[in-house]
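Structural characterization, general
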Amino acid sequence: MELITNVTEYEKLAKEKLPKMVYDYYASGAEDQWTLKENREAFSRILFRPRILIDVSHIDMTTNILGFNVSMPIMIAPSAMQKMAHPEGELATARAAASAGTIMTLSSWSTSSVEEVNSVGPGIRFFQLYVYKDRNIVRQLVKRAEMAGFKAIALTVDTPRLGRREADIKNRFTLPPHLVLKNFEALDLGTMDKTNDSGLASYVAGQVDRTLSWKDVKWLQTITSLPILVKGVVTAEDTRLAIEYGAAGIIVSNHGARQLDYVPATISCLEEVVREAKGRLPVFLDGGVRRGTDVFKALALGASGVFIGRPVLFSLAVDGEAGVRKVLQMLRDELELTMALSGCTSLREITRAHVITDGDRIGRSRL
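Residues numbered from 1 in each chain as written. Predicted model: local features only at pLDDT ≥ 70, side-chain atom pairs only at ≥ 80, totals over all residues. Heavy atoms only, no water.

**Side note on the packing of helix α1 (residues 9-17) against helix α13 (residues 310-342)**
Convention followed: Axes here mean lines fitted to C-alpha atoms, for a helix over just the part in contact, with angles spanning 0 to 180 degrees between N-to-C directions. Numbered from the N terminus, helices here are DSSP runs of H or I no shorter than four residues, and strands are runs of E no shorter than two. Should an angle lie under 35 degrees it is considered roughly parallel, over 145 roughly antiparallel, and from 65 to 115 roughly perpendicular; all remaining angles are considered oblique. The contact rule is simple, with two residues in contact once any of their heavy atoms fall within 4.5 Å. Following the grouping adopted for this structure description, the nonpolar residues are Ala, Val, Leu, Ile, Met, Phe, Trp, Tyr, Cys and Pro, the charged ones are Asp, Glu, Lys and Arg, and the polar ones are all others, Gly among them.
Where α1 contacts α13, the two axes come as close as 11 Å, and the packing angle between them is 170°. Here α1 is positioned roughly antiparallel relative to α13, judged by the angle of their axes. Residues Tyr 10, Glu 11, Leu 13, Ala 14 and Lys 17 of α1 form the contact with α13, whose participating residues are Phe 314, Ser 315, Ala 317, Val 318, Gly 323, Lys 326, Val 327 and Met 330. The residue inventory of the contact of α1 with α13, partitioned by class, reads eight nonpolar, two polar and three charged.

Below you can see the structure in the form of structure tokens.
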């Protein structure tokens, strides 16, 4: 295999290796896929203002996330059904995250259960939660995640209905017959029916609670002592409400551009959320990160860390656990180099003054 030199190269290799239905499920966005492209392109419009003649012989990328020490501010986002990519699926991802000293977030719709993921050994893990219509299922799931040693709940709040993912409709996407949604297997909710469009869309319509509201964030706090991250916030207004309703953190996310098309890139929403948060809770970025330079830009705009999704899936498909390890190492190495070339020796030295955005350029042109 040709030497892989960056994260993006895994996608092409994964496309060659995966069945079309699976690749399209992982890779595609909603409707026109404008936001899917913009999640990447918006990073390219943010430029650096590097500082020079600073001793960068020692660079510290360690940080603390919700009280947990991690090796770097790069974490793994929840991605569903990872055994479609590789037979070891989420178990391989969990091992790779632990070996890199960072956090993995397990999807509710994983093809390995919370107990199975816990069994791979020590590691800091968060659990992503979809709220089902049957709240007893939610109670059971949260309790199981707690018992399995998960350290936080990432509550997905942007999916009252599934976005229109036309590739999945064309492919009549469904979970391959040899796999199940392991966390729901014992509840007879682990499989998807074949339909004339997307089997996942039909599953969501049947199971996920469209009445989910801010009061349910409070309700979750009555059934678990785990900190709750609200995943899917992109505005100042919802940042205020997340704080008011007791969220422990915010993940700025547009669900990998798979829900509402024509929302801005997450990196374009980040600063609005950070300004409203005013340091009262950590803000994380999810979406479009493919380079260490992207991580640096997010940190400069106020993020406490980033989550990566598709790079994990594509590297998992290509080379299993070793692929995921390599993606995490490449992003780490690139971030370290970006810090050195920008004159930053620790994460706290990365400031807003290190980047120029479109807004900055417009402001300066008016002066």
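There's more to say after this.
**Section: the nonpolar core**
The line we're drawing: Nonpolar cores are built from buried Ala, Val, Leu, Ile, Met, Phe, Trp, Tyr and Cys residues. Side-chain atoms within 4.5 Å join them into one set. The rule is simple: take the accessible area with a 1.4 Å probe, protein chains only, and divide by the maximum for that residue type; under 20% is buried, over 50% is exposed, in between is partly exposed.
Residues Trp 109, Leu 129 and Ile 267 are the most contacted members of the largest nonpolar core, which totals 104 residues. Ranked by residues supplied to this core, first place goes to α13 with 13 residues. Non-local contacts of Leu 129, meaning those with residues more than four positions away in its chain, are made with Ser 108, Val 138, Leu 141, Val 142, Ile 153, Ala 154, Leu 155, Thr 156 and Leu 220. Counting residues in each nonpolar core, the second largest holds 13 residues, with Ile 124, Phe 126, Ala 152 and Leu 229 among its members.

**Let's talk about the pattern of salt bridges**
The line we're drawing: The rule for a salt bridge is simple: a side-chain nitrogen of Lys or Arg has to be within 4 Å of a carboxyl oxygen of Asp or Glu.
A full pass over the atoms with the stated rule returns 22 salt bridges. Two residues, Lys 20 and Asp 24, come together in a salt bridge whose shortest N-O distance is 2.6 Å. Here the residue Lys 20 and the residue Asp 24 both occupy positions in helix α2 (residues 20-27), the gap between them amounting to four residues, near one helical turn. Relative accessible area serves as the criterion here: at 57%, Lys 20 is assigned to the exposed category.

**Topic: the pairing of strand β11 (residues 305-308)**
Side-chain direction in a regular strand flips from residue to residue, so the side chains alternate between the two faces of the sheet. Selection criterion: Two strands pair under a simple rule: DSSP has to find at least two bridges between them.
Of the two faces of β11, both are covered, the one formed by Gly 305 and Phe 307 as well as the one formed by Val 306 and Ile 308. Where strand β4 (residues 74-76) and β11 come together, three bridges link them in parallel fashion. Bridged to Ile 76 within β11 is Ile 308. Alignment of strand β10 (residues 283-286) against β11, held across three bridges, turns out to be parallel.

**A look at the packing of α2 against α13**
Put simply, α2 and α13 touch, their axes get as near as 10 Å, and they point 155° apart. Taken as axis vectors, α2 and α13 run roughly antiparallel relative to one another. Where α2 abuts α13, its residues Tyr 23, Tyr 26 and Ala 27 lie against Arg 310, Leu 313 and Phe 314. Tallied by class, the residues present in the contact of α2 with α13 amount to five nonpolar, no polar and one charged.

**A few points about the UniProt feature "active site" (unreviewed entry) in the protein**
In plain terms, the rule: UniProt positions are given in the numbering used here, feature names are shortened, and annotations may be inferred rather than shown by experiment. In protein, a polar contact means a hydrogen-donor-capable atom and an acceptor-capable atom, both N or O and within 3.5 Å, with residues adjacent in sequence counting only if both atoms are side-chain atoms; elsewhere, any N or O pair within 3.5 Å suffices.
The UniProt record annotates "active site" (unreviewed entry) at His 255. Note on His 255: relative accessible area 11%, which makes it buried. Not counting the four nearest positions on each side in its chain, His 255 is found in contact with Tyr 130, Thr 156, Asp 158, Thr 159 and Arg 165. Here the side chain of His 255 touches Thr 159 through a polar contact of 3.2 Å, side chain to side chain.

**Focus on the UniProt feature "binding site: glyoxylate" (unreviewed entry) in the protein**
The positions that UniProt labels "binding site: glyoxylate" (unreviewed entry) are, in the present scheme, Tyr 25, Arg 165 and His 255. What stands out for the annotated residues spanning 231 residues is how close their C-alpha atoms remain, the widest pair being 13.1 Å apart. Along the chain, the position of Tyr 25 falls in helix α2. Looking at Tyr 25, the relative accessible area reads 5%, which means it is buried. Not counting chain neighbours up to four residues away, the residues in contact with Tyr 25 comprise Ala 80, Met 81, Met 84, Arg 165, Asp 168, Phe 173, Leu 200 and Arg 258.

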